[in-house]
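Coordinate inspection notes
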Amino acid sequence: GELYRVETGKDGQDGLEKAALFNPDLIISDVMMPIMDGNAMCRAIKANDQLKHIPVIMLTARATHQLKISSPPGGSSCRTTSSAPLSSASLIPLRM
């Protein structure tokens, strides 16, 4: 089977720096983080010509159903809630 390399960041600023360093195929981020929240990190990624192609999945326990299906700030690829176990049905892809 395929192996995946996973890098983690301790906060949004660290995640942004690691995105620039590793140029990942996908970013999965929490909305609520110290230093730089997920929305600010996503906006910074989408404003960076070297990073803006990377899809971003935002997770949040605070989202209502309406927030989950609306296009999130910063142009991330989708948003879901982390308050319950994730299922493929809970991931709602959005066009960028």
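Just above sits the structure.
In this report, we go over the structure that sits alongside the text. (Residues numbered from 1 in each chain as written. Predicted model: local features only at pLDDT ≥ 70, side-chain atom pairs only at ≥ 80, totals over all residues. Heavy atoms only, no water.)

What follows deals with the pattern of salt bridges. A full pass over the atoms with the stated rule returns three salt bridges. The partner of Arg5 in a salt bridge is Glu7, and the shortest N-O contact between them spans 2.8 Å. Among the salt bridges present, the one from Lys18 reaches Asp14, with a minimum N-O distance of 3.9 Å. Here the residue Lys18 and the residue Asp14 both occupy positions in helix H1 (residues 12-22), the gap between them amounting to four residues, near one helical turn. (Salt bridge = Lys/Arg side-chain N within 4 Å of Asp/Glu carboxyl O. Helix = DSSP H or I, 4+ residues; strand = E, 2+ residues; numbered from the N terminus.)

Those residues of H1 that fall on the buried side of the exposure criterion are Gly12, Asp14, Leu16 and Ala19. Against strand E1 (27-30) and helix H2 (38-47) lie the buried residues of H1. Measuring from the backbone nitrogen of Gln13 back to the side-chain oxygen at the start of H1 gives 3.0 Å, which picks out Asp11 as the cap. Asn23, located one to two residues past H1, shows a positive phi value of around 45 degrees. (Buried < 20%, exposed > 50% of the residue type's maximum accessible area, 1.4 Å probe, protein only. Contact = heavy atoms within 4.5 Å. Polar contact = N/O pair within 3.5 Å; in protein donor to acceptor, adjacent residues only side chain to side chain.)

Another aspect to go through is the packing of H1 against H2. At a closest axis distance of 9 Å, the pairing of H1 and H2 adopts a crossing angle of 25 degrees. Considering their axes alone, H1 and H2 lie roughly parallel with respect to each other. At the point where H1 passes H2, the crossing takes the right-handed sense. Contacts between H1 and H2 involve Gly12, Gly15 and Leu16 from the first element and Met41, Ala44 and Ile45 from the second. Across the contact of H1 with H2, the residue classes break down as four nonpolar, two polar and no charged. (Axes fitted to C-alpha atoms, helices over the stretch in contact; angles between N-to-C directions. Parallel < 35°, antiparallel > 145°, perpendicular 65-115°, else oblique. Left-handed = near helix turned anticlockwise from the far one by under 90°. Nonpolar A, V, L, I, M, F, W, Y, C, P; charged D, E, K, R; others polar.)

Looking now at the nonpolar core. Counting residues in hydrophobic clusters, the biggest one holds twelve residues: Leu16, Ala19, Ile27, Val31, Met36, Met41, Cys42, Ile45, Leu51, Ile54, Val56 and Met58. In this view, Leu16 contacts Met36, Met41, Ala44, Ile45 and Leu51; residues no more than four positions away in its chain are not counted. (Core = buried A, V, L, I, M, F, W, Y, C linked by side-chain atoms within 4.5 Å.)

Function-wise, these values are silent; they only describe arrangement.
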